[in-house]
Amino acid sequence: MSDIEQPAGELWGREGFREDPYVTAETLEEAGDAPAVILPLVAWLGLTEEIRNASNRKIGVLVAPGESIEPLLPLLDSIPVIALQFPAFNDGRSYSKAELIKNQHHFKGELRAVGDVLIDQVAYMLRTGFDTMKVNHAVTLNRLAGHNLHDVPGYYQPGRGSHTVSGTYSWRRVPGA
C-alpha cells in the first residue's frame, strides 16, 4: 500500500485534487441546503426551467451510459456541470458523449467523469473533453495523488489537446506538410 493519502470524496482535475463543491442527490429535497447539487438525468429533466433558473444553487446533471444526451443539448448554456458515469472500466459509452458535448456542441461548463476510472483512461478522458474526475478506483486515486500520470508523446487520432502525428492518415494530412 502506498503512503500517499487517498483523498476520499475529492475531485481531481489537471491542477490536482480539490474539494468537490457539489453533492449528488436523487432530488433537490434530498440535497437539503447544499449550494451545488448534481441530480440524475430523469430528476433534472423533471425540474421546470423556472426552478432550474430561479434556484440560488447550481444544479448539475448526472448521465448514465445508456441515457440519451439529446434533451440536454438545447440547454447546455444553463448547465454548470455534466457528470458522465463510468460504472465499469470497460464501458466507454460516456467517451462518445463527452466528445459530442464538449467538442461538437461546445459545452462551456464542467464535464466530469464519475465512477470506475482506471489510471490508463485518465489521459484519454482529458483529451475527449473531461475537466474533472471523481474516481473510486484505489490505484488510480494513489497515482493521481502522487502526480503519476503518464501520456504518450503523439496520437494517431485527433482529439482535444492532442499532439497528433502529422501526416499519419490521409484524412489527417495537412496541405503542404
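Note: the structure precedes this text.
Residues numbered from 1 in each chain as written. Predicted model: local features only at pLDDT ≥ 70, side-chain atom pairs only at ≥ 80, totals over all residues. Heavy atoms only, no water.

Caption draft 1: Summary view of the nonpolar core. Core analysis: the biggest nonpolar cluster contains 36 residues, and Ile82, Phe130 and Met133 have the highest contact counts within it. If you tally residues by element for this core, the top one is helix H4 (residues 119–128), at four residues. Not counting residues within four places of it along the chain, the set of residues in contact with Ile82 comprises Val61, Val63, Leu76, Ile101, Phe107, Glu110, Leu111 and Arg112. Counting residues in hydrophobic clusters, the runner-up holds six residues, among them Tyr22, Ala36, Ile38 and Leu62. (Core = buried A, V, L, I, M, F, W, Y, C linked by side-chain atoms within 4.5 Å. Buried < 20%, exposed > 50% of the residue type's maximum accessible area, 1.4 Å probe, protein only. Helix = DSSP H or I, 4+ residues; strand = E, 2+ residues; numbered from the N terminus. Contact = heavy atoms within 4.5 Å.)

Caption draft 2: Main features of helix H3 (residues 93–104). Look at H3: 16 Å from first C-alpha to last across twelve residues, which is about the 16 Å you get at 1.5 Å a residue. Residues of H3 that are buried: Ser94, Tyr95, Lys97, Ala98, Ile101 and Lys102. Taken end-on, H3 shows its buried residues confined to a sector of 160°, consistent with a single buried face. On its buried face, H3 sits against strand S5 (58–63), strand S6 (81–86), strand S7 (110–115) and H4. Following H3 by one or two positions, His106 adopts a phi angle in the positive range, close to 55°. (Expected span 1.5 Å × (residues − 1). Arc of directions from axis to C-beta.)

Caption draft 3: Spotlight on the sheet that holds S5. With mixed pairing, eight strands are arranged side by side in an open sheet as S2-S1-S8-S7-S6-S5-S4-S3. The sheet is open, and its two edges are formed by strand S2 (16–19) and strand S3 (23–24), each paired on a single side. In the packing of H3 onto the sheet, contacts are made with S5, S6 and S7, and the angle to S6 comes to roughly 160°. (Pairing = 2+ DSSP bridges. Axes fitted to C-alpha atoms, helices over the stretch in contact; angles between N-to-C directions.)

Caption draft 4: Main features of the environment of Ala138. Position of Ala138 relative to the elements: it lies in helix H5 (residues 138–145). A relative accessible area of 35% places Ala138 in the partly exposed class. Between the alpha carbons of Ala138 and Leu118 there is a distance of 9.1 Å; along the sequence they are 20 residues apart.

Caption draft 5: Up close: the side chain of Arg52. Secondary-structure assignment places Arg52 in helix H2 (residues 49–54). Look at Arg52: it is buried, it has no salt bridge, and the nearest opposite charge is Glu49 at 5.3 Å. Among the polar contacts made by the side chain of Arg52, one reaches the main-chain carbonyl oxygen of Trp44 at a distance of 3.5 Å. A polar contact of 2.8 Å, which involves the side chain of Arg52, links it to the backbone oxygen of Leu47. The residues touching Arg52, leaving out its near neighbours within four places in the chain, are Trp44, Leu45, Leu47, Ile59 and Leu75. (Lys, Arg positive; Asp, Glu negative; His and termini not counted. Salt bridge = Lys/Arg side-chain N within 4 Å of Asp/Glu carboxyl O. Polar contact = N/O pair within 3.5 Å; in protein donor to acceptor, adjacent residues only side chain to side chain.)

By themselves these figures say nothing about function.
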